[in-house]
Amino acid sequence: MAESRGYFDSVVRHFVPVHRDGHKFLGIGAVITLIAFLLSTSLGLIAALGTLYVGYFFRDPDRVTQLREGLVIAPADGLVAEVEKVLPPHELDLGGGERFRIVTHLSPFDVHINRSPVAGRISRSVYVPGGFVNPTLDKESEDNERRLTVITTPVDQEFVVVQIAGMVSRRIVRFVHEGDNVGAGQRIGLIRFGSRVDLYLPPGAIPRVSVGQRMVAGETIVCDLKSDEPEREARQN
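Residues numbered from 1 in each chain as written. Predicted model: local features only at pLDDT ≥ 70, side-chain atom pairs only at ≥ 80, totals over all residues. Heavy atoms only, no water.

1. A closer look at the overall build of the protein chain
The following threshold applies: Numbering of helices and strands runs from the N terminus; a helix is a DSSP stretch of H or I covering at least four residues, while a strand is a stretch of E covering at least two. Accessibility here uses a 1.4 Å probe with only protein chains present; expressed as a share of the type maximum, an area under 20% marks a residue as buried, one over 50% as exposed, and anything in between as partly exposed. Contact between two residues is taken to exist if any of their heavy atoms lie within 4.5 Å; hydrogens are not considered. Areas reported here follow the Shrake-Rupley algorithm with a probe of radius 1.4 Å; residue values treat only the protein chains shown as occluding.
Helices and strands together make up the secondary structure of the protein chain, namely 4 helices and 13 strands. Across the 237 residues that make up the protein chain, the buried fraction comes to 45%. Within the protein chain, contacts between residues at least 6 apart in sequence are counted, and of these 70% link residues at least 24 apart. Surface accessibility of the protein chain: about 12700 Å² in total, with carbon and sulfur atoms responsible for 58%.

Structure representation (structure tokens):
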């Protein structure tokens, strides 16, 4: 009995819960699948696969976040597309000159739950309506729907997380609001169906990730504010 229970638990651990925002889409998919099967087995199978993908897209796995002071955690799953110094978003009027921006592209197969890179307070949250073109270029991403969230730490360092809608995204969902306190790795929102997330570090902070590296939201360390190590070099093997 104990052996069968252990086997059952090991199987269950591989099933990732679906975020509540996806429940209504799963319900719609289930209804469409039922109707499709009444019309045609082939259509029903196609609809069933689409419904399964919806559940896969909205999966919400737990993550293990290191909590040591000074660590900055990845806000999104996906591939690092850019690591460069740029001015912060003009909508925020932060000042302080250029700072490092880490751009992460999320494919339709990545987890789309976004997380706070640090512990602090949501000091600003700005929504900018826009279109839904491919957000791979800066000009295009400036025209897209996006939400800019400023997280201020207890020592007044400001981190900016920019959630940018993709070609098939139609809504950026936020879980936190201005004035809320958040912990490092805490869920702060999601972007539906393909997107990009930019993380702006405070002036003087040095990133510890490289272009082409895969990020895991809530787990990958992107910066260590307590380290005086110079910027790292990297190569793809």
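Further notes follow.
2. Details of the packing of aromatic side chains
This is how it is decided: Working definition: a ring pair exists when centres of Phe, Tyr or Trp rings (six-membered ring for Trp) sit within 6.5 Å. Plane angles under 30 degrees give stacked, over 60 give edge-to-face, the rest tilted.
For the structure shown, the criterion picks out 4 aromatic pairs. Both rings, one in Tyr 53 and one in Phe 57, keep their centres 6.3 Å apart while their planes meet at 45°; by these two values the pair is tilted. Of the two residues, Tyr 53 and Phe 57 are both situated in helix α3 (residues 41-57); the distance of 4 residues between them amounts to about one turn of the helix. Relative accessible area serves as the criterion here: at 26%, Tyr 53 is assigned to the partly exposed category.

3. What to know about the side chain of Thr 65
Here Thr 65 lies in the loop between α3 and β1 (71-73). Each residue touching Thr 65, except ones within four places of it in the same chain, is listed here: Ile 73, Ala 184, Gly 185 and Gly 218.

4. Considerations on the layout of surface pockets
The test is simple: The way it works is a 1 Å grid over only the protein atoms, where trapped points that fit a 1.4 Å probe form a cavity and open points with protein on both sides within 12 Å along at least five of seven lines form a pocket, and then any residue with an atom within 4 Å of a point lines it. Grid points are joined across faces, edges and corners, and a volume is the space filled by probe spheres set on the points. Side-chain classes follow a simple rule in which Ala, Val, Leu, Ile, Met, Phe, Trp, Tyr, Cys and Pro form the nonpolar group, Asp, Glu, Lys and Arg form the charged group, and the remainder, Gly included, forms the polar group.
For the largest pocket, the calculated volume is near 310 Å³. Glu 69, Gly 70, Val 118, Ala 119 and Thr 153 are the residues nearest the centre of the largest pocket, which is lined by 15 residues in total. Of the residues in the lining of the largest pocket, the class split is 8 nonpolar, 4 polar and 3 charged.

5. Some thoughts on the sheet that holds strand β12 (residues 214-215)
Quick reminder of the rule: One bridge is not enough; two strands pair if DSSP finds at least two bridges between them.
With antiparallel pairing, 8 strands are arranged side by side in an open sheet as β9-β5-β6-β7-β11-β3-β2-β12. Both edges of this open sheet fall to β9 (181-182) and β12, since each of them pairs with a single strand only. Direction of pairing for strand β3 (residues 99-106) relative to strand β11 (residues 195-200): antiparallel, over a ladder of 6 bridges. Following the sheet pairing, Arg 101 is matched in β11 by Tyr 200.

6. A closer look at helix α2 (residues 23-39)
Note: α-helices contain 3.6 residues per turn, so residues at a spacing of three or four share the same orientation. Rules: An expected span of 1.5 Å times one less than the residue number is assigned to each helix. This arc is taken over the directions from the axis of the helix to the C-beta atoms.
For α2, built from 17 residues, the straight-helix expectation of 24 Å at 1.5 Å per residue is met to within 8% by its first-to-last C-alpha distance of 25 Å. Residues of α2 that are buried: Gly 29, Thr 33 and Ala 36. Axial view of α2: buried residues confined to an arc of 65°, hence all on one face. The exposed set on the far side of α2, more than 90 degrees from its buried face, consists of Leu 34 and Leu 38.

7. A closer look at the confidence of the model for the protein chain
This is how the line gets drawn: Every residue gets a pLDDT, meaning the predictor's confidence in that residue, from 0 to 100.
Averaged over the protein chain, the pLDDT score is 85; the fraction of residues at 70 or greater is 86%. Ranking the elements of the protein chain by mean pLDDT puts helix α1 (residues 2-12) last with 47 and β1 first with 97. For residues 6-12, every residue scores under 50 in pLDDT, and the model assigns this stretch 0 contacts once sequence neighbours within four places are set aside.

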